[in-house]
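So the chains spell out like this:
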Amino acid sequence: MTDKPPEPTLSPPSKPVTLQDWESVIDDFQHGGARRHRWTSAHPILIDQAISCLNKREFPLKLQLIVFLEEFSDPLFTSDPDSLPKNLHRLIETLRALIQTPADGVHVTLALKEQTMLSVTAIVIAADYMLDGLVELLLTVVNRPNHGVDRQARALACECLRELEKSYPCLLSDIGGHLWSLCQSERTHAAQSYILLFTTVVHNIVAKRLGVSILNTTVPLVPFSAPQVLVNGSGKEGSGGLNYKELRRAMSFLLEWPQVLTPCGMVEFLDLIMPVAMALELQASMLKVQFFGMIYSSDPLLCHVVLTMYRPFLDAFDGQEGQIASRLMLLSRETQQHLVFRLLGLHWLLGFGELVLRREVRKVKGIVDMGLRFYPSVFDPLALKALKLDLLAFCSVCVDMLKLEGVSGEGKGNDKLVVKVFKDGLVSVSAFKWLPPHSTETAVAFRTLHRFLIGASSHLDNDPSTTRSLMDSTTFTSIQGMLVDLMLEYRRLVPVIVALTDRLFGCQKHRWLGERLLQSFDQHLLPKVKLDYTLVSCFPVFDKIAESDTIPPRGLLELLTKFMAFLVVKHGPYTGLRSWSQGSRVLGICRTFLMHHHTSRLFLRLSRLFAFTCLYFPDLEVRDNARIYLRLLICVPGKKLRDMLNLGEELGISPSALPSFNIQSPLSADNLKKSKGISSYIHLERVIPLLVQQSWSLSLSSFGFGNHETGYPEGIRDSEPMIEESELDSSSNIQVTPQTERIDRPHEPLRVMDAKISEILVTLRRHFSCIPDYRHMPGFKVRISCSLRFESETLSRIWGLDSPTDVLDELDALPALYATVLNFSSSAPYGSIASIHIPFLLGEPTRKIDISYQAAALAIVPVEDGSREDEGFRAPVMIELEPREPTPGLIDVSIETNAESGHIIRGQLHSITIGIEDMFLRAVIPPDIPEVASPGYYLDLFNALWEACGNSNTGRETFPLKGGKGVTAIAGTRSVKLLEVPASSVIQATECQLAPFVVSVTGEPLVNAVKDGGIIRDIIWRDDTSDSSLDIAGSGTAFDRGPLHLTYTDDIDERDSTVNIRKKNMGCFHILIFLPPRFHLLFEMEVCDDSTLVRIRTDHWPCLAYTDDYLEALFLA
């Protein structure tokens, strides 16, 4: 507040503004932007020119100019704070001059005066610079009660004073008595403005708790000066207390004047009166008697006045809830009312019912009795139908509440009543069943369905018991069945029902209702759907079922499998893209399963579905995608799998958290440096360690015997087509030698063979005919079982992989390698080695157990204990070799893989050692030999090979190989090895390492010991030690069956040895080992108590260089 400033010296502008200039200025300001900005520096001039033009009597644009000043008062007046008091004072003086000028109807009109009062008041309030002169001027206008000519101006002046009082509370508190007198004197329609002005002053006095007197006013009305409470900012506020006696008299006066107020005035009047009545502790019955009758008025605003009084004065309206509800319901039924008022009546009825329900449940029974009979009519507007359905839903909630309160008349038939109300109410919008899903009727129907579905479980109520009780109610069960029937009969409503479940899932409190709905769909919808092409319309709800981890996936996966089979059967030339489209959508649902379920719940049925799709689905793209999903399901664990299948922001993962493959080049210097030492943390290891870590191998150059790839004289040769070789039978006694044999070997006289030799040759030919010629067809494979693992901590440190911190399971925080390729090469004669592809490998946290190679090799591990703790961190790798020679060697391993960060890791791993024991295979059995006769065949083959490798009688024979193009010969070699090992150790080692190759056990003590072990089975057992020779040792072997004496000099024969190697002969093991591609290694182990004599024969003499170390490692380690 400020005093009046001194009169300014007015200097006329150098150049007056014309009408066209003002029109241009007003247009530029209203346009804004650059056009307004160019007048920024001219604001003081514009204000000065505008006030000068307003003072001109004959200026025609006064009304437009004053509105212009009000509209743009902020930039015009506040841009120069120093000149603000001067400009406001000039403006008020202009208003004073205009008010004092008589209206002539041409240049000075009442409308101009009224607009100027409003605009000047608005400018002063917006500038927040109050001047006493404006209040005094308005009070001068107001202080002429009952003056009929300017009654409109006086009413407008009262409204201006009200706005000033609202902006500056208690501005007129000192002159309240004068305003009271003016209210008593005014008899024109302006009395409403006087009453509201006085009521506003009283309201502010009570709100600020000022102890002023409104009856005994000593301050004159004019001249006006602001009260001290505004000037000082504190004054008597809240210090002296209220003058209750005078304020009650003022309230009594005000309550006598409602009849002069319009409905809008009544709303403002009651909004000011109720706080005053509560502060003065007046009886609510005074307001009720005065205003309750307005509920029966035809004006909706007067009904709103009564509802406004109801909430703060509930006790005063006790027992009249039914009357209010009945009147509001009648208001909504009055067809002569505007639709907006009918809708407003229903809104009020719903809000009123909630107020009554929160206060006392029993009192809502009257509203329920009326509401249950308040169904939408056929010709009601759709908006009115929606609100009436909301009212029915509210009544159903009230029925449940009344049932809990035990109100009489609400018995066990309540649930059926609510279901009937729901179904009868939906009849009015039943067109949603055949209208498009996006129709308004459909939206209204499902909005109502949602209201009935959540029932009394309000969003504002945090009690979860209401939701649990709702899931067991008859209403919820009925709605579940209705939704299932709708999806079966009207497939186009499936997306709308899915949107309903999404709405339930969007609320933390009602998500359990959505879960229960999906469980109901899984139980009742899936068994009823028809298996045809229209099933695809149900895929949106299937996808929601797949997202729920509380629903077992069995039912839906079985249905999808049947549907894929249906697509396979129905596919034809006229199917078009239908198979591809629907098959792809089925795989999309399967992907949803993988994203939201543990793979252990899905593995069996989902793998069957993928496998069936891979094998039989007609579309190639769908088959390939199913194959990819199947590989991921088998190889990748759940958390990593979900990260791989994630489509970006679907799981709320930020883009920075997803693997990014747009990184530095894999061939960058940094990556090459990191890849040099990958063998220190990425390991490819043998599953079964070698007994002998062979560090050398024997390699011989070719001797020049024909075309020998192996470099040995007994290599495979091509048979001569011009030489016709006849088959020898058991009665033959002459051997026909091919021409190549006669050329390559010295000429020897023909040998005469007996029947035994002929039988041996037949057995050998039969055996070699099953051995493939690796030059023309695939040979025998040797498989080396290995495992690939890597150390997580080291890999993460070197390659800068950050472990996620928001995971609950430690396994999910481990890094992983993707799309790993292992390439193999070797200088040994192993042929071409295929590469190995590993789609996924999880990092190993730590190494806990380190078992030594030999101990692990000799340990007998039960099958049940085959799963190790770290099996999940190792990828099985099976290296397949096709040896050209049975020789040890090294396999070089290189790796190329991808880290989660997108880095490509490539480098060299440690080599894999191949030992002689890796070449041990069982001899192949001819296809015409039955399984029960295989032990006898193996024994006959052992005898034949023992004889062939021990004597030279068959050394010049050639045996055709499988394929008919190659032949081979046998050049045998023999050796002997003495092992000072107890018999129990020999038996244990044989059972552990050589059990598959044992063909016969002789000697009663040894047979009994081996049989008791139960490991060696399906062989020939001979208890009679006299038969242990098997005609082997006595057929020119040069080994005596008596006590064996050995000397280590070359000039003394073996049979003259004087060393006794045994105390008691327990028996013999006969072992037959096949060495690919076509060689053999034979052991006859004569077992005694404290030592064992091993007689060795082979048709590949270089293997003897490794056999000695092998036997020592096997029996002496």
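Described below are features of the structure shown in this document.

The rules we used
Per chain, residue numbering runs from 1 following the sequence as it is written. The predicted origin of the model limits local features to residues at a pLDDT of at least 70 and limits the giving and counting of side-chain atom pairs to 80 or more, whereas totals for whole chains, interfaces and linings rest on all residues. Note: side-chain values were computed over all heavy atoms of the structure, leaving out hydrogens and water. Working definition: helices are DSSP H or I runs of at least four residues, strands are E runs of at least two. Numbering for both runs from the N terminus. In this scheme, a residue with accessible area under 20% of its type's maximum is buried, one over 50% is exposed, and one in between is partly exposed, where area comes from a 1.4 Å probe on protein chains only. Pairs of residues are marked as contacts when any of their non-hydrogen atoms sit within 4.5 Å. Where accessible areas are quoted, they stem from the Shrake-Rupley method and a 1.4 Å probe; at the residue level, only the protein chains shown are allowed to cover. Lines are fitted to the C-alpha atoms to define the axes, a helix being fitted only along its stretch in contact, and any angle between axes, read from their N-to-C directions, falls within 0 to 180 degrees. When an angle is under 35 degrees it counts as roughly parallel; over 145 it counts as roughly antiparallel; between 65 and 115 it counts as roughly perpendicular; any other value is oblique. In this scheme, a crossing is called left-handed if the near helix is turned counterclockwise away from the far one by less than a right angle; it is called right-handed if the turn is clockwise. Residue classes follow a fixed rule: Ala, Val, Leu, Ile, Met, Phe, Trp, Tyr, Cys and Pro count as nonpolar, while Asp, Glu, Lys and Arg count as charged, and any other residue, Gly among them, counts as polar. Pairing of aromatic rings covers Phe, Tyr and the six-membered ring of Trp, with a centre-to-centre limit of 6.5 Å; geometry is then stacked below 30 degrees between planes, edge-to-face above 60, and tilted otherwise. In this scheme, the term charge over a ring applies when either NZ of a lysine or CZ of an arginine sits within 6 Å of the ring centre and within 35 degrees of the ring normal. Strand pairing follows a simple DSSP-based rule, namely that at least 2 bridges must link the two strands. Here, nonpolar core refers to any group of buried Ala, Val, Leu, Ile, Met, Phe, Trp, Tyr and Cys residues whose side-chain atoms link them within 4.5 Å. Note on disulfides: each one is a pair of cysteine sulfur atoms within 2.5 Å. Salt bridge, as applied in this entry: a Lys or Arg side-chain nitrogen positioned within 4 Å of an Asp or Glu carboxyl oxygen.

### What to know about the overall build of the protein chain
Thought 1: Helix and strand content of the protein chain: 41 helices and 16 strands.
Thought 2: The buried share of the protein chain, reckoned over its 1117 residues, is 49%.
Thought 3: Sequence-distant contacts in the protein chain: of pairs separated by 6 or more residues, those separated by 24 or more amount to 72%.
Thought 4: Roughly 53,400 Å² of accessible area belongs to the protein chain as shown, and the carbon and sulfur atoms make up 54% of that amount.

### Topic: the packing of helix H10 (residues 176-185) against helix H13 (residues 244-254)
Thought 1: Where H10 meets H13, the closest approach of the two axes is 12 Å, and the angle between their N-to-C directions is 25 degrees. Taken as axis vectors, H10 and H13 run roughly parallel relative to one another. As for the relative orientation of H10 and H13, their crossing is left-handed in sense. Facing Trp180, Cys183 and Gln184 of H10, the residues of H13 in contact are Arg249, Ala250 and Phe253.
Thought 2: Per-class residue counts for the contact of H10 with H13 are four nonpolar, one polar and one charged.

### A closer look at the packing of aromatic side chains
Thought 1: Evaluation of the coordinates by the stated rule reveals 24 aromatic pairs.
Thought 2: Here the aromatic rings of Phe563 and Phe566 are separated by 6.1 Å at their centres, their planes lie at 20 degrees, and the arrangement is stacked. One end of the pair is Phe563 and the other is Phe566, both in helix H28 (residues 554-570) and three residues apart, which spans about a single turn. Here Phe563 matches Phe566 in class, with each residue buried.
Thought 3: Aromatic ring contacts, followed pair by pair, group Tyr533, Phe539, Phe542, Phe563 and Phe566 into a single cluster.
Thought 4: For Arg578, the ring lying beneath its charged end belongs to Tyr533, and the centroid distance is 4.2 Å.

### Some words on the sheet that holds strand E7 (residues 889-899)
Backbone-to-backbone hydrogen bonds pair the strands of a sheet. The strands run either parallel or antiparallel.
Thought 1: The strand order across the open sheet built from four strands is E5-E4-E7-E8, with neighbouring strands paired in antiparallel fashion. At either margin of the open sheet sits one strand with a lone partner, and together these are strand E5 (836-842) and strand E8 (904-914). Strand-to-strand twist in this sheet, taken as the mean axis angle between neighbours without regard to direction, amounts to 30 degrees.
Thought 2: With seven bridges joining them, strand E4 (residues 816-825) and E7 adopt antiparallel strand pairing. Its bridge partner lying in E7, Ser825 is registered against Asp892.

### Some remarks on the nonpolar core
Thought 1: Membership of the largest hydrophobic core comes to 219 residues, with the highest contact counts inside it found for Phe521 and Phe542.
Thought 2: No other element matches helix H20 (residues 382-405), which puts twelve residues into this core.
Thought 3: The contacts of Phe521, once residues within four sequence positions are left out, are Leu483, Val484, Met487, Ile497, Thr501, Leu526, Val541 and Ile545.
Thought 4: Core analysis: the next-biggest nonpolar cluster, separate from the first, contains 73 residues, Leu684, Ile784, Ala875 and Val998 among them.

### A word on the packing of helix H9 (residues 151-167) against helix H11 (residues 191-208)
Thought 1: Direction vectors running N to C along H9 and H11 enclose 15 degrees, while the axes themselves pass 8 Å from each other. As judged from the angle between their axes, H9 and H11 are roughly parallel. In the crossing of H9 with H11, the sense of the turn from one axis to the other is left-handed. Of the residues in H11, those in contact with Arg154, Ala155, Cys158, Glu159, Leu161, Arg162, Glu165 and Lys166 of H9 are Ser193, Tyr194, Leu196, Leu197, Thr200, Val201 and Asn204.
Thought 2: Looking at the contact of H9 with H11, its residues break down into seven nonpolar, three polar and five charged.

### Re the state of the cysteines
Thought 1: Going through the model one piece at a time under the given rule, you end up with zero disulfides.
Thought 2: Considering cysteine sulfurs only, Cys183 is the nearest to Cys158, which forms no disulfide, with 7.7 Å between them.
Thought 3: Relative accessible area serves as the criterion here: at 0%, Cys158 is assigned to the buried category.

### Focus on the pattern of salt bridges
Any two side chains of opposite charge can pair, given that their charged atoms come close.
Thought 1: Taken as a whole and assessed by the stated rule, the structure comprises 37 salt bridges.
Thought 2: Taking the shortest distance from any N to any O, the salt bridge between Arg154 and Asp150 comes out at 3.4 Å.
Thought 3: Accessibility expressed as a relative area gives 0% for Arg154, which makes it buried.
Thought 4: For Lys544, the salt bridge identified is with Glu547, shortest N-O distance 3.3 Å. Of this pair, Lys544 and Glu547 both sit in helix H27 (residues 539-547), three residues apart, which is roughly one turn of that helix.
Thought 5: Each of the salt bridges in this network shares a partner with another, and the network as a whole consists of Arg144, Asp150, Arg154 and Glu186.

### Quick notes on the side chain of Gln192
Thought 1: Following the sequence through the fold, Gln192 ends up in helix H11.
Thought 2: The contact partners of Gln192, leaving out residues within four places of it in the chain, are Val260, Leu261, Thr262 and Gly265.

### Some remarks on the pairing of strand E3 (residues 782-790)
Thought 1: A large share of E3 lies buried, amounting to seven of its nine residues.
Thought 2: With five bridges connecting them, strand E1 (residues 682-686) and E3 associate as antiparallel partners. Opposite Glu685, over in E3, you have Ser787 as the bridge partner.

### A short note on the environment of Ala155
Thought 1: With respect to the secondary-structure elements, Ala155 resides in helix H9.
Thought 2: Judged by its relative accessible area of 8%, Ala155 is buried.
Thought 3: When the C-alpha atoms of Ala155 and Leu197 are compared, they prove to be 9.8 Å apart, with 42 residues separating the residues in sequence.
Thought 4: In this structure, Ala155 is in contact with Ala190 and Ser193, ignoring residues within four places of it in sequence.

### Some words on the sheet that holds E1
Thought 1: Read from one edge of the open sheet, three strands run E1-E3-E6, paired in antiparallel fashion. The open sheet is flanked by E1 and strand E6 (875-881), the only strands paired with a single partner. Here the strands of the sheet are splayed against their neighbours by 30 degrees on average, with no regard to which way each runs.

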